[in-house]
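Reading the structure
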Amino acid sequence: MTDARTRQAAPQAQAQAAPQAQAQATPQRLTIRRPDDWHLHLRDGAMLQAVASETARHFARAIIMPNLVPPVVRSHDAAAYRERILAALPAGSNFEPLMTLYLTEASDPADLRQGVGDGLVRAVKLYPAGATTNSDSGVRDIEKVMPFLETMAELGLPLCVHGEVTDADIDIFDREAVFIERVLAPLRQRLPELRIVMEHVTTRHGLDFVRSQAQGMAATLTTHHLIINRNHLLVGGVRPHYYCLPVAKREAHRLALVEAATSGDACFFLGTDSAPHATHTKEAACGCAGIFTAPNTMSCLAQVFEAESALDKLEAFTSLNGPAFYGLPANEQALTLVKQDQPVAYPTQIPVEDGQTVTVFDPGFELYWAVEEAS
Ligand code: DOR
Ligand code: ZN
């Protein structure tokens with residue numbers, strides 16, 4: 001990561017958090033069930049071609065976000081997108097994309113029944129309109145989608161929620177907490193049978209809310225929100241490659257997220273929200289939200305869990321809790337992480353097309369855990 005660290009001047013707090021101090025006490029090899037990513041953006045076209053193998057290399061399955069342009073609204077859109085993803089995978093890959101539909105106020109319950117019946121649709125994504133990248137077709141008035149949500153509840157299909165309000169008068173750092181109060185808590189009361197995943201939780205409020213729910217509710221946590229806080233984004237210059245939505249919060253929240261991820265608690269699991277954008281669209285006057293963590297996520301997580309003396313909880317977070325919530329078997333295949341003496345070298349950028357690149361997440365500290373490649 002030398003180049004990226006030079007370019008982005010690794011934040012001091014992160015450098016201190018590097019966990020070499022634990023080296024003596026921890027194992028040098030860790031074999032876990034193959035992980036899944038319960039929140040992933042693969043995009044389409046040249047970007048899909050560029051990034052698909054980055055996830056398929058380490059992960060067995062992923063919940064694929066539907067915020068394409070135009071969005072994946074109907075089951076036949078999801079079926080066609082699934083084919084494009086499979087075609088973009090390296091030969092011999094058995095990576096399984098788990099498809100989602102993008103909820104609009106015109107979404108059709110009959111189409112949902114068909115897609116679920118076919119075994120194609122695994123979840124539906126709720127974007128409040130305007131909340132994030134390609135969310136303009138999302139939901140403005142939750143009333144309008146209640147019949148659709150009732151169908152989902154009947155089918156037992158999880159709703160993946162981008163949990164931020166979009167009101168201009170709500171501070172961007174408060175949008176998750178206000179969403180819980182105004183939208184999520186009332187929805188849980190009204191339709192407790194609906195299974196909900198609160199995606200990319202970034203605050204203590206989100207964690208507490210999920211913990212407070214008896215059943216049918218879980219949260220995904222991203223790799224980057226376990227590592228960066230808002231100082232990393234803003235102190236000493238704006239670092240566009242740390243900009244994502246929900247935006248990183250203050251350090252106390254990051255610490256709470258790390259505690260939740262490393263707790264082994266069944267309601268928390270990995271959803272990387274790895275979200276590739278061309279580098280020049282992030283390094284811009286109005287830069288895109290999204291952090292691309294697919295290549296080095298497992299190395300980053302091993303480092304974070306090791307620092308908490310919680311390597312024994314990594315498998316629950318990446319490979320067990322997610323399938324249990326989604327009602328799927330855990331993967332039979334394994335993945336082995338090996339602790340190296342020298343830092344693992346990841347590319348700082350991945351080529352896309354026409355000289356464009358995607359910048360890989362720089363955690364700001366060296367990574368010593370490598371994923372052992374199958375021989
Ligand atoms: O940072 C983000 N990027 N957050 C999202 O919710 C969407 C994502 C994207 O699609 O780029
Ligand atoms: Zn996302």
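Heads up: the structure comes first, above all this text.
**Here's the deal with the site of ligand 1**
- As a matter of local geometry, ligand 1 sits amid 14 residues, with Arg43, Asn67, Thr132, Leu245 and His277 nearest to it.
- One of the backbone N or O atoms of Leu245 is found 2.7 Å from a nitrogen atom in ligand 1.
- Computed on the free molecule, ligand 1 has an accessible area of 290 Å², of which 99% lies beneath the protein chains in the complex.
- Considering only residue class, the shell around ligand 1 consists of 4 nonpolar, 8 polar and 2 charged.

**As for the coordination of the zinc ion (ligand 2)**
- Donor atoms from the polypeptide that bind the zinc ion (ligand 2) are His39 (NE2), His41 (NE2) and Asp273 (OD), placed at 2.0 to 2.1 Å.
- Classification of His39 as buried rests on a relative accessible area of 1%.

**Notes on the sheet that holds strand 9 (residues 268-270)**
- What the 8 strands build is an open sheet, ordered 2-3-4-5-6-7-8-9; its pairing is parallel. With partners counted over all chains shown, the strands left at the sheet margins are strand 2 (36-40) and strand 9, one partner each. For this sheet, the mean angle separating the axes of adjacent strands, direction not counted, is 30 degrees.
- Pairing between strand 6 (residues 159-161) and strand 7 (residues 196-198): 3 bridges, direction parallel. Opposite Leu159, over in strand 7, you have Ile196 as the bridge partner.

**Some points on the packing of aromatic side chains**
- In the structure shown here, the tally under the stated rule is 8 aromatic pairs.
- Taken together, a centroid distance of 6.0 Å and an interplanar angle of 40 degrees make the contact between Phe269 and Phe325 tilted. Pair noted here: Phe269 is in strand 9 and Phe325 is in helix 13 (residues 314-326), with a separation of 56 residues, a long-range link. Across the pair, exposure class does not vary: Phe269 and Phe325 are buried alike.
- Relative to Tyr326, the ring of Phe269 lies with its centre 6.4 Å away and its plane at 70 degrees, an arrangement referred to as edge-to-face. Residue Phe269 is found in strand 9, and its partner Tyr326 is found in helix 13; the two are separated by 57 residues along the sequence. With respect to burial, Phe269 and Tyr326 carry one shared label: buried.
- Through successive ring pairs, a cluster of aromatic residues spans Trp38, Phe269, Phe325 and Tyr326.
- Across from the ring centre of Phe325, 4.2 Å away, lies the NZ or CZ of Arg195, which sits over that ring.

**Some thoughts on the packing of helix 5 (residues 109-117) against helix 6 (residues 146-155)**
- For the pair helix 5 and helix 6, the least separation of the axes is 9 Å and the interaxial angle reads 25 degrees. Taken together, the axis directions place helix 5 and helix 6 in an arrangement best described as roughly parallel. Remark: the crossing between helix 5 and helix 6 carries right-handed chirality. Here Pro109, Leu112, Arg113 and Val116 of helix 5 lie close against helix 6, whose contacting residues are Phe148, Thr151, Met152, Glu154 and Leu155.

**A closer look at the sheet that holds strand 1 (residues 29-33)**
- Strands sit in the order 1-10-13 across an open sheet of 3 strands; the sheet is antiparallel. Taken across any chain shown, the strands that pair with only one partner, and hence form the sheet edges, are strand 1 and strand 13 (369-371). The mean inter-strand angle of the sheet, taken between neighbouring strand axes irrespective of direction, is 25 degrees.
- Sitting on the sheet, helix 12 (residues 297-307) touches strand 1, strand 10 (334-339) and strand 13, and the angle it makes with strand 13 is about 145 degrees.

**Describing the nonpolar core**
- Leu149 and Leu159 are the most contacted members of the largest nonpolar core, which has 100 residues in total.
- Setting aside its immediate chain neighbours within four residues, Leu149 contacts Leu103, Ile142, Leu159, Leu187, Leu191 and Leu194.

**Observations regarding helix 10 (residues 251-261)**
- Buried within helix 10 we find His253, Arg254, Ala256, Leu257, Val258, Ala260 and Ala261.
- Those residues of helix 10 hidden inside the fold are in contact with helix 8 (204-212), strand 8 (217-221), strand 9, helix 12 and helix 13.

**Observations concerning the pattern of salt bridges**
- With the rule as written, the count across this model stands at 18 salt bridges.
- A salt bridge links Asp208 to Arg211; the shortest N-O distance between them is 3.4 Å. Remark: Arg211 and Asp208 occur in helix 8; sequence separation between them is 3 residues, near one turn of the helix.
- Among the charged side chains, a network of salt bridges with common partners joins Arg74, Asp108 and Asp111.

**Focus on the pairing of strand 10**
- Across 5 bridges, strand 1 lies against strand 10 in antiparallel orientation. In the strand pairing of strand 10, Ile32 is matched with Leu335.
- Summarising the sheet, strand 10 and strand 13 pair through 3 bridges and their orientation is antiparallel. Residue pairing across strands places Val338 opposite Ala370, the latter belonging to strand 13.

**What about unusual backbone geometry?**
- Residue Val69 is joined to Pro70 through a cis peptide bond whose omega torsion reads -10 degrees.
- As for its placement among the helices and strands, Pro70 is situated in the loop between strand 3 (61-64) and helix 4 (75-88).
- A cis amide bond links Leu245 to the next residue, Pro246, at an omega of -5 degrees.
- Within the secondary structure, Pro246 sits in the loop between helix 9 (230-234) and helix 10.
- The residue Arg43 is not glycine, and still its phi comes out positive at about 60 degrees.
- With respect to the helices and strands, Arg43 occurs in the loop between strand 2 and helix 3 (45-56).
- According to the relative accessible area criterion, Arg43 is buried, its value standing at 13%.
- A positive phi is found at Asp354, a non-glycine position, where the angle reads about 50 degrees.
- Secondary-structure assignment places Asp354 in the loop between strand 11 (349-351) and strand 12 (357-359).

The rules behind the values
Residues numbered from 1 in each chain as written. Chains lettered and ligands numbered in written order. Predicted model: local features only at pLDDT ≥ 70, side-chain atom pairs only at ≥ 80, totals over all residues. Heavy atoms only, no water. Near = heavy atom within 4 Å. Polar contact = N/O pair within 3.5 Å; in protein donor to acceptor, adjacent residues only side chain to side chain. Areas by Shrake-Rupley, 256 points an atom, 1.4 Å probe, with all protein chains shown as cover. Nonpolar A, V, L, I, M, F, W, Y, C, P; charged D, E, K, R; others polar. Donors = N, O, S within 2.8 Å, 3.2 Å for Na, K, Ca; no water. Buried < 20%, exposed > 50% of the residue type's maximum accessible area, 1.4 Å probe, protein only. Pairing = 2+ DSSP bridges. Helix = DSSP H or I, 4+ residues; strand = E, 2+ residues; numbered from the N terminus. Axes fitted to C-alpha atoms, helices over the stretch in contact; angles between N-to-C directions. Phe/Tyr/Trp six-rings, centres within 6.5 Å; stacked < 30°, edge-to-face > 60°. Lys NZ or Arg CZ within 6 Å of the ring centre and 35° of its normal. Parallel < 35°, antiparallel > 145°, perpendicular 65-115°, else oblique. Left-handed = near helix turned anticlockwise from the far one by under 90°. Contact = heavy atoms within 4.5 Å. Core = buried A, V, L, I, M, F, W, Y, C linked by side-chain atoms within 4.5 Å. Salt bridge = Lys/Arg side-chain N within 4 Å of Asp/Glu carboxyl O.

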